[in-house]
Amino acid sequence: MYHEPVLAREVMERLVTSPGGLYLDCTMGGGGHSRAILDRLDESGRLLALDWDEDAHAHVRAQAGAESNQMGEHQVLGRDSRVTLLRHSFGELDRLPAPWQDLRFTGILMDLGLSSHQIDTPARGFSYRFDGPLDMRMDRRRPRDAGHLLDVVDEAALGRLLRDLGEVREWRRLAPLMLAARRQGGLASTGQLRDLVEGKLGRRGSYDLLSRIFQALRMAVNDEHEALEQGLDEAFRRLAAGGRLAVITYHSLEDRLVKTRFRRWSGEAERPGSRHLPVALPPRLGRLLERRGVVPGPDEAARNPRSRSARLRVIERMEA
């Protein structure tokens, strides 16, 4: 299986409020969530599905068994006339091609996780479990991969991205070790990075540490933090009145970003240092469906271990 969609039932129950609505799947991946949305739409419903990874589009084309039809920068694929597929990043929603530029959506979905295909393909370089190139690009049209990043970054900058994007506590020790190994030709693959970390810091607890290091490098290579900030703002702006934005996060950094924006849009102020300080409330633009979000149940977590860290947050726009 290319990828099993996470929290699919929970997403559909909250996102698809009108069978004749206009929906946007910002992270198509293997197409699982997109197909579930289409299953709930009638003949007048429409779906725009985005992904910047060519592998995802190749998978969907192969499943559809249809010829791709090039139309400018975007492609109308498959046999379902209700769906349009576009190779595009959710960080560039402000640059959608016509006729999507000025449309308001009934529901928008962002699933921020990697697909199983990306993780399990050694040549993509996303996982420390395999030996592959230090790539980590979501879109292989991007000129800079993780190896190139390590070639040009200085120690201070690498330390900051390990600390800020991976929440790596050992960033002060790891940054110089990684750069020294890279310059000496000993850090050319994901396997060598894994061996460096385990050799210098030991295997105990290394899986969590490696996950954080790979997360930091991947986010830096793909400018994920900036893309998420821009994507969230533009997605919320593009909701119709009563439309819903659903976001699935997988680690604390991105979840805090989503939670902070959702609470701001719902009219909640940031918690002050003292509860006695006056707080100016922001205007209320949306309504949170669940304050704490939704996590996978025990059955899904057991069936799909990669879903265990997922959290779904949904906000409904009150006025467009």
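Parameters and conventions
- Residues numbered from 1 in each chain as written.
- Predicted model: local features only at pLDDT ≥ 70, side-chain atom pairs only at ≥ 80, totals over all residues.
- Heavy atoms only, no water.
- Core = buried A, V, L, I, M, F, W, Y, C linked by side-chain atoms within 4.5 Å.
- Buried < 20%, exposed > 50% of the residue type's maximum accessible area, 1.4 Å probe, protein only.
- Helix = DSSP H or I, 4+ residues; strand = E, 2+ residues; numbered from the N terminus.
- Contact = heavy atoms within 4.5 Å.
- 1 Å grid on protein atoms, 1.4 Å probe; cavity = no way out; pocket = protein on both sides within 12 Å on 5 of 7 lines; lining within 4 Å.
- Points joined across faces, edges and corners; volume = space filled by probe spheres on them.
- Nonpolar A, V, L, I, M, F, W, Y, C, P; charged D, E, K, R; others polar.
- Phe/Tyr/Trp six-rings, centres within 6.5 Å; stacked < 30°, edge-to-face > 60°.

(A) Region of the structure containing the nonpolar core. Ranked by internal contacts, the top residues of the largest apolar core, which has 37 residues, are Leu158, Leu161, Leu162, Met178, Leu193, Ile213 and Leu217. For this core, the secondary structure elements donating two or more residues are helix 5 (146-152), helix 6 (155-166), helix 7 (171-183), helix 8 (190-201) and helix 9 (206-222). Each residue touching Leu158, except ones within four places of it in the same chain, is listed here: Leu150, Val153, Ala175, Met178, Leu179 and Leu217. Of all hydrophobic cores here, the second largest spans 28 residues; its members include Cys26, Leu86, Leu245 and Val258.

(B) Molecular detail of empty space enclosed by the protein. This model, assessed by the stated rule, comprises 2 cavities of 30 Å³ or more. Taken as a whole, the largest cavity spans an internal volume of roughly 430 Å³. Forming the boundary of the largest cavity are 31 residues, of which Thr27, Asp51, Asp111, Leu112 and Gly113 lie nearest the centre. Every element with two or more residues in the lining of the largest cavity is listed here: helix 2 (32-39) and helix 10 (224-237). When residues in the lining of the largest cavity are grouped by element, the largest group, 3 residues, is from helix 10. By residue class, the composition of the lining of the largest cavity is 12 nonpolar, 13 polar and 6 charged. Of the voids in this model, the second largest cavity is the one considered here, and its volume is about 40 Å³.

(C) Up close: the packing of aromatic side chains. Applying the stated rule across the entire model yields 4 aromatic pairs. Measuring from centroid to centroid gives 6.1 Å for Tyr128 and Tyr207, while their planes differ by 10°, and the two rings are stacked. You can see Tyr128 sitting in the loop between helix 4 (116-120) and helix 5 and its partner Tyr207 sitting in helix 9, a full 79 residues away along the chain. In this structure Tyr128 comes out as buried when scored by relative accessible area, which is 15%. For Tyr207, a relative accessible area of 48% gives the class partly exposed. Seen from their ring centres, Phe236 and Trp265 are 4.2 Å apart, and the 5° between their planes marks the pair as stacked.

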